[in-house]
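Here are the chains, one letter per residue:
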Amino acid sequence: MPDQDKLRGLVSMDDHRGEFSMGFDPGSDPSIVLPGEGRRSGGTSGTARVKVDHADNRSFAIVESAPPAGALGPPRHIHDEYDEAWYVLDGEMEFSIGDRVELCGTGSLAFAPRGVAHGFRNPGPHDARMLVVMTAQCLQLVEDGGAAAAAGDRSALSAIFRRYRSRMAE
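Predicted, not measured: the structure shown is a model, and the values here were computed from it.

Caption draft 1: Geometry of the nonpolar core. Counting 28 residues, the largest nonpolar core has Val 63, Trp 86, Met 93, Phe 95, Met 130 and Met 134 as its most contacted members. At five residues, the largest contribution of residues to this core is made by helix α2 (residues 136-150).

Shown next, in the form of structure tokens:
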């Protein structure tokens, strides 16, 4: 059996069965999500398909996002309790994480740990596609704040961010 202390924080231990899990509740249904499947979601950067959903009581969420050319994405912000990672599947995305700004092409990964200011955009001229892995509650923030961000309503967006222990960086 693996050393439980080394795995703490990476996986959770099911005390009843002595088994490890990766964010799935004991007894929950595993899933396979095929291309084109998943719940549709908006956000600020185009259409997305939620592949692993926060509504299923998961500890993380996975979203396939398709930001069109020129999509501005969210304003730079900080999550006090949430992590996010983006893997670029197609096209190019510009990520601003901490003090670093980088144009990332297909196969690039960007990671913003909790407490670090970040944002992203698709500078164009082509559409992009990326896989986003985030803490489950972060997806709730994205979905709740998407309409306010798209409308440019920083006041409403700031209130939503506060509710999810997050804030604007600038």
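Still more ground to cover, so stick around.
Caption draft 2: Representation of the pairing of strand β4 (residues 47-52) within the structure. Bridge count for strand β3 (residues 39-41) against β4 is three bridges, and the pairing is antiparallel. Within the sheet, the bridge partner assigned to Ser 41 lies in β4 and is Ala 48. In this structure, β4 lies alongside strand β5 (residues 60-66), joined through five bridges in antiparallel fashion. The partner of Val 52 across the bridge, within β5, is Ile 62.

Caption draft 3: Structural view of unusual backbone geometry. With an omega of 10°, the peptide bond between Gly 124 and Pro 125 qualifies as cis. For Pro 125, the location among the structural elements is in the loop between β11 (118-121) and β12 (129-135). Located in the positive-phi region is Arg 165, a residue other than glycine, with phi close to 50°. Relative to the helices and strands, Arg 165 resides in the loop between α3 (154-163) and β13 (166-168). Judged by relative accessible area, which is 32%, Arg 165 ranks as partly exposed.

Caption draft 4: Representation of the sheet that holds strand β10 (residues 109-112). Spatially, β3-β4-β5-β12-β7-β10 is the arrangement adopted by the six strands of the open sheet, whose pairing is antiparallel. A single partner strand is all that each edge strand has here, and the edge strands are β3 and β10. This sheet shows a mean twist of 25° between the axes of neighbouring strands, independent of strand direction. Set on the sheet, α2 makes contact with β3, β4, β5, β7 (84-90) and β12; between it and β12 the angle comes to about 120°.

What counts and how
Residues numbered from 1 in each chain as written. Predicted model: local features only at pLDDT ≥ 70, side-chain atom pairs only at ≥ 80, totals over all residues. Heavy atoms only, no water. Core = buried A, V, L, I, M, F, W, Y, C linked by side-chain atoms within 4.5 Å. Buried < 20%, exposed > 50% of the residue type's maximum accessible area, 1.4 Å probe, protein only. Helix = DSSP H or I, 4+ residues; strand = E, 2+ residues; numbered from the N terminus. Pairing = 2+ DSSP bridges. Axes fitted to C-alpha atoms, helices over the stretch in contact; angles between N-to-C directions. Contact = heavy atoms within 4.5 Å.

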